[in-house]
Amino acid sequence: MLNQIVFEYPLVLLIIPVFMICDLFCKPKKRKLIFPNTNLLKRATKKSRYVEMILKYLVITLFSVALASPVIENDVVIKNDKGYEISLILDASGSMAEGDKFGIVKEIVSDFLKKRVHDKIALSIFADFAYVAVPLTYDKKSIKRLLDRLQVGVAGRQRTALYEALFLSSNLFKNSKAKHKIAILLTDGVNNVDTIPLNVAIKRVQKYGIKVYTIGIGQRGEYNPYDLQKIAKSTGGKFFEADSVQKLKEVYDTIDKLEKSEIKANKYIKKDYLFVYPLFVGFLLLLLLIFVRNKEVA
């Protein structure tokens, strides 16, 4: 704490050495009256004079420190985050278990989460049906914990409710006032659930101003590039294909770079004034000095 203390008026501290020098070497000359047997008197008053001198220097030092205005300065940074709201939509159907694709996706998504410090993130899962696992939140740790526990089959294994997932996740932004709303949809399959038509899902996404990035993983033919391209193009997003772990990492890195949060910070200095402490102690010692002098005179 002491190394954080600074003085607003450090030159005032020069009072301390100037006073001590003057007190020692600038004493006024006085006429002396010599009495016999003064040695006993000197020894009796010597101790009292030392106490008086120490108190006098302490009082001057403490009052000078108080006048110099000691403060502790702390930098306060107020961030004006203009982060994104991002919905992660992951395919968890049976085909994602092949080659541990789902496990690889979870690792890459976890790395992506670490980079999006100032964003609100949501997580949706789909297979036989779609559901929102985590609504929009700044709590990345909760998303990471849930993501670690998710397994293929948590929403069924046989079908791929891709359109339903897109429609359902778009509702997360219904009351959003965010300037930037993003969805990242990843799949290795083709929609084969007829609960929501594609055009209806796209219109809902457009209604809330959501930009959708779509990712097809695996080999073409396993997923429908036409549908993924249509979703991305209709919403101002982009379609990516990834047939390897490295390419999938590059896709998420690319999206991260394309959609950077705008962070501005204002820096303020918070000052805690400490002059009251030396002033208070100095005042107490001054009273003690007056008491000692009066006692000596008496």
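Note that the structure is a prediction, hence the values are computed from the model and not measured.

Novice: Could you clarify how one ought to interpret the packing of aromatic side chains in this entry?
Specialist: Any pair of aromatic rings gets described here by the distance separating the centres and the angle formed by the planes. Using the criterion set out here, one finds 4 aromatic pairs in the structure. A centroid spacing of 6.1 Å and a plane angle of 40° characterise the contact between Phe129 and Tyr131, whose relative ring orientation is tilted. Residue classification places Phe129 among the partly exposed positions, given a relative accessible area of 39%. Over the ring of Tyr84 we find Arg116; its NZ or CZ atom is 5.5 Å from the centre of that ring.

Novice: Even after reading the chapter, I still don't get the nonpolar core, so can you show me in this structure?
Specialist: Among soluble globular proteins, nonpolar side chains are generally buried collectively. One finds Ile184, Ile215 and Tyr252 to be the most contacted residues of the largest nonpolar core, which totals 34 residues. Of all the secondary-structure elements, those providing two or more residues to this core are strand S3 (85-91), helix H3 (101-115), strand S4 (120-126), helix H4 (140-149), strand S6 (181-187), strand S7 (211-217), strand S8 (239-242) and helix H8 (245-258). Among the elements that take part in this core, H3 stands out by supplying 6 residues, more than any other. Among residues more than four places away in sequence, those in contact with Ile184 are Ile86, Ser87, Leu88, Ile89, Phe112, Tyr213, Ile215, Tyr252 and Ile255. Within the second largest apolar cluster, 26 residues are counted, among which are Ala122, Ala165, Ala201 and Val205.

Novice: I keep staring at the sheet that holds strand S5 (residues 130-137) and nothing clicks. Help me out?
Specialist: Pairing between the strands of a sheet comes from backbone hydrogen bonds, and it takes one of two forms, parallel or antiparallel. The strand order across the open sheet formed by 6 strands is S5-S4-S3-S6-S7-S8, and the pairing between neighbours is mixed. Of all strands in the sheet, those bounded by a partner on one side alone are S5 and S8. Going across the sheet, the axis of each strand differs from the next one's by a mean of 15°, ignoring polarity. Bridge count for S3 against S4 is 7 bridges, and the pairing is parallel. Counted as the bridge partner of Ile89 is Ser124 from S4.

Novice: Mind showing me how you'd approach unusual backbone geometry here?
Specialist: One can expect most non-glycine residues to show negative phi and most peptide bonds to be in trans. Here the phi dihedral of Ser69 falls at roughly 60°; this positive angle occurs in a residue that is not glycine. Among the structural elements, Ser69 can be located in the loop between helix H2 (38-67) and strand S2 (70-82). Overall, the relative accessible area of 7% leaves Ser69 in the buried class. Although it is not a glycine, Asp100 sits at a positive phi angle of roughly 55°. Relative to the helices and strands, Asp100 is located in the loop between S3 and H3.

Novice: What should I look at first to understand the packing of H3 against H4 in this one?
Specialist: Between two packed helices, what matters for the description is the angle formed by their axes and the separation of those axes. Following both chains from N to C, one finds H3 and H4 inclined at 175°, their axes separated by 11 Å at the closest point. Between H3 and H4, the angle falls in the class roughly antiparallel. Residue-level contacts link Lys106, Val109, Ser110 and Leu113 of H3 to Lys140, Ile143, Lys144, Leu147 and Asp148 of H4. Taken together, the residues of the contact of H3 with H4 break down into 4 nonpolar, 1 polar and 4 charged.

Novice: Help me out: how do you make sense of the pattern of salt bridges in this one?
Specialist: Close approach of charged atoms allows side chains of opposite charge to pair. Enumeration over the complete set of coordinates arrives at 12 salt bridges. Here Arg220 makes a salt bridge to Glu241, at a shortest N to O gap of 2.4 Å. With Arg220 in the loop between S7 and helix H7 (225-235) and Glu241 in strand S8, this residue pair connects regions lying 21 residues apart in the sequence. The class for Glu241 is partly exposed, based on a relative accessible area of 34%.

Novice: Explain the packing of helix H6 (residues 198-207) against H7 here, please?
Specialist: It is the contact of H6 with H7, at a shortest axis distance of 10 Å, that shows an interaxial angle of 25°. If you check the angle between H6 and H7, you find them roughly parallel. The hand of the H6/H7 crossing is right-handed. Contact residues: Leu198, Asn199, Ile202, Val205 and Gln206 in H6; Asp227, Lys230, Ile231, Ser234 and Thr235 in H7. When its residues are assigned to classes, the contact of H6 with H7 shows 4 nonpolar, 4 polar and 2 charged.

Novice: Can you walk me through the pairing of S6 in this structure?
Specialist: Sheet faces and side chains relate simply in a regular strand, where the side chains alternate between the two faces. Within S6, 7 of the 7 residues are buried, which leaves the element mostly enclosed by the surrounding structure. The two faces of S6 match: Lys181, Ala183, Leu185 and Thr187 on one face and Ile182, Ile184 and Leu186 on the other face are all buried. Pairing of S3 with S6 involves 6 bridges; the strand directions are parallel. If you follow Ser87 over to S6, its bridge partner there is Ala183. Pairing of S6 with S7 involves 6 bridges; the strand directions are parallel. Note that in S7 the partner of Leu186 across the bridge is Ile215. Handedness of the crossover is the feature at issue here: the chain leaves S6, passes through H6, returns alongside S7, and the resulting connection is right-handed.

Definitions and limits used
Residues numbered from 1 in each chain as written. Predicted model: local features only at pLDDT ≥ 70, side-chain atom pairs only at ≥ 80, totals over all residues. Heavy atoms only, no water. Phe/Tyr/Trp six-rings, centres within 6.5 Å; stacked < 30°, edge-to-face > 60°. Buried < 20%, exposed > 50% of the residue type's maximum accessible area, 1.4 Å probe, protein only. Lys NZ or Arg CZ within 6 Å of the ring centre and 35° of its normal. Core = buried A, V, L, I, M, F, W, Y, C linked by side-chain atoms within 4.5 Å. Helix = DSSP H or I, 4+ residues; strand = E, 2+ residues; numbered from the N terminus. Contact = heavy atoms within 4.5 Å. Pairing = 2+ DSSP bridges. Axes fitted to C-alpha atoms, helices over the stretch in contact; angles between N-to-C directions. Parallel < 35°, antiparallel > 145°, perpendicular 65-115°, else oblique. Nonpolar A, V, L, I, M, F, W, Y, C, P; charged D, E, K, R; others polar. Salt bridge = Lys/Arg side-chain N within 4 Å of Asp/Glu carboxyl O. Left-handed = near helix turned anticlockwise from the far one by under 90°. Right-handed = clockwise from strand over helix to strand, strands pointing away.

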